[in-house]
Amino acid sequence: MNPLVSSPETAESPLSEMAHVVLVVIAAIMAAEWVPDTYTYGWIAAVTLAALGRGFFRRRAARDEDPERVFNAVRLGVAAIGFAWGAGIILNGAALPSDALAWITVILAGIVSGATVSLLPDPFSFYLLTAALLLPLTFTVWRDTNVNSGLSVFVVLLYGGAMSVYFRRMHKALLEQLIGSKRLEVTERAAGREHAMLDALVDGAPNAIALVDNAGAIIRVNRSFEALFGCTADQAVGRCLKA
């Protein structure tokens, strides 16, 4: 199945990497009031480098014809971005007030939602990114004493589970669509070969052969027909065979 779904993995726009850079800058600005500058700048740098690395691996994989190498390159980039985001949540999340953490949670939820489309061909990459984002977030909200930790953890895990179910259904639909397209392509090729074989048999037959439609009009003749009746195919096509 990999050859069918590997090409969409490498066809993303560079904007997908740029989006991570923009989002981590926004997240760092939200956290800047409560965490050391070293942590916020480090978070931005880590995600930016991971995004650039993912773009490099993705473009390199686009030139590779081996589907397994394509998937491995994409997964490496996804893992780098996921762990960079997750490390930032672990390091910065404990110092954040609930409202700032809530806004960063919205950013992470948006990344997971976008991954249901951008990583649709590869479930492993989607689950890897989702775990790398949501597990550190779960740990962070569990440590937050200003909110109901149990409820917050439940909501985060519920969201992750819902996105996983949605992704699995979308991935199944994608596979069915690709399999259907591949079967149609194979069928069309087989029909083309059969048509070419039939043409060769008709043209090479020693007997005069004329193909007619339901009204009896000639739609095709072979060379033996032309030789027997002394007319060309252009002259015979369209005429009623009885005439």
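Below is a short write-up of the structure. Quick caveat: nothing in here was measured; it's all calculated off a predicted structure. (Residues numbered from 1 in each chain as written. Predicted model: local features only at pLDDT ≥ 70, side-chain atom pairs only at ≥ 80, totals over all residues. Heavy atoms only, no water.)

1. Points about the pattern of salt bridges
Following the criterion strictly, the structure yields three salt bridges and no others. Salt-bridge contacts for R54 lead to E17; the nearest nitrogen and oxygen are separated by 2.9 Å. Remark: E17 occurs in helix α2 (residues 15–31) and R54 occurs in helix α3 (residues 37–62); sequence separation between them is 37 residues. Across the pair, exposure class does not vary: R54 and E17 are buried alike. E185 is paired through a salt bridge with R189; the nearest N and O atoms lie 2.5 Å apart. Note that E185 and R189 are positioned in helix α7 (residues 149–204) at a spacing of four residues, about one turn of the helix. (Salt bridge = Lys/Arg side-chain N within 4 Å of Asp/Glu carboxyl O. Helix = DSSP H or I, 4+ residues; strand = E, 2+ residues; numbered from the N terminus. Buried < 20%, exposed > 50% of the residue type's maximum accessible area, 1.4 Å probe, protein only.)

2. Focus on the nonpolar core
By size, the foremost hydrophobic cluster in this structure holds 37 residues, and its most contacted members are W43, W85 and L129. Contributions of two or more residues to this core are made by α2, α3, α4 (67–93), α5 (98–118), α6 (123–143) and α7. When residues of this core are assigned to their parent elements, the largest contribution, eight residues, is made by α5. The contacts of W85, once residues within four sequence positions are left out, are H20, L23, V24, A27, W43, V47, I107, L108, I111 and L133. Core analysis: the next-biggest nonpolar cluster, separate from the first, contains five residues, I218, V221, F225 and A236 among them. (Core = buried A, V, L, I, M, F, W, Y, C linked by side-chain atoms within 4.5 Å. Contact = heavy atoms within 4.5 Å.)

3. Considering the packing of α2 against α5
Each pair of packed helices can be summarised by the angle the axes make with each other and by the distance between the axes. Look at α2 against α5: their axes get within 9 Å of each other, and the N-to-C directions meet at 170°. Considering the angle they form, α2 stands roughly antiparallel to α5. Taken together, the residues of α5 that come into contact with α2 (itself represented by H20, L23, I26, A27 and M30) are A100, W103, I104, I107 and I111. (Axes fitted to C-alpha atoms, helices over the stretch in contact; angles between N-to-C directions. Parallel < 35°, antiparallel > 145°, perpendicular 65-115°, else oblique.)

4. Focus on the layout of surface pockets
Computed from the structure, the largest pocket encloses a volume of approximately 200 Å³. Along the wall of the largest pocket there are 15 residues; nearest its centre are S16, H20, I111, A115 and S118. Secondary structure elements with two or more residues in the lining of the largest pocket: α2, α4 and α5. Counting residues per element, the lining of the largest pocket draws most heavily on α5, which supplies five residues. (1 Å grid on protein atoms, 1.4 Å probe; cavity = no way out; pocket = protein on both sides within 12 Å on 5 of 7 lines; lining within 4 Å. Points joined across faces, edges and corners; volume = space filled by probe spheres on them.)

5. Quick look at the side chain of E17
For E17, a relative accessible area of 6% puts it in the buried group. A polar atom in the side chain of E17 sits 2.9 Å from the side chain of R54. With sequence-adjacent residues up to four places away left out, E17 is seen in contact with A51, R54, G55 and R58. (Polar contact = N/O pair within 3.5 Å; in protein donor to acceptor, adjacent residues only side chain to side chain.)

6. Comments concerning α7
Helix length check: α7 (56 residues) gives 82 Å between terminal C-alpha atoms against 82 Å at 1.5 Å per residue, within 8%. For α7, the elements touching its buried residues are α5, α6 and β2 (218–221). (Expected span 1.5 Å × (residues − 1).)

7. Some remarks on the pairing of β2
Pairing analysis gives three bridges linking strand β1 (residues 210–212) to β2, with the strands arranged antiparallel. Within the sheet, the bridge partner assigned to L211 lies in β2 and is R220. Here β1 folds back onto β2, and the loop between the two strands holds five residues, one of which, G216, carries a positive phi near 90°. (Pairing = 2+ DSSP bridges.)

8. Regarding the environment of T116
Within the secondary structure, T116 sits in helix α5. The spatial distance from the C-alpha of T116 to the C-alpha of L15 is 16 Å, given a sequence separation of 101 residues. Not counting residues within four places of it along the chain, the set of residues in contact with T116 comprises F126, M163, Y166 and F167.

9. Some thoughts on the packing of aromatic side chains
Within this structure, the stated rule accounts for six aromatic pairs. Taking the centre distance of 4.1 Å and the plane angle of 5° together, the rings of F126 and F167 count as stacked. Here F126 is found in helix α6, whereas its partner F167 is found in helix α7, with 41 residues between them in sequence. Taking the relative accessible area as the measure of exposure, F126 reaches 0% and is therefore buried. An angle of 35° between the planes, with centres 4.5 Å apart, marks the rings of F225 and F229 as tilted. (Phe/Tyr/Trp six-rings, centres within 6.5 Å; stacked < 30°, edge-to-face > 60°.)

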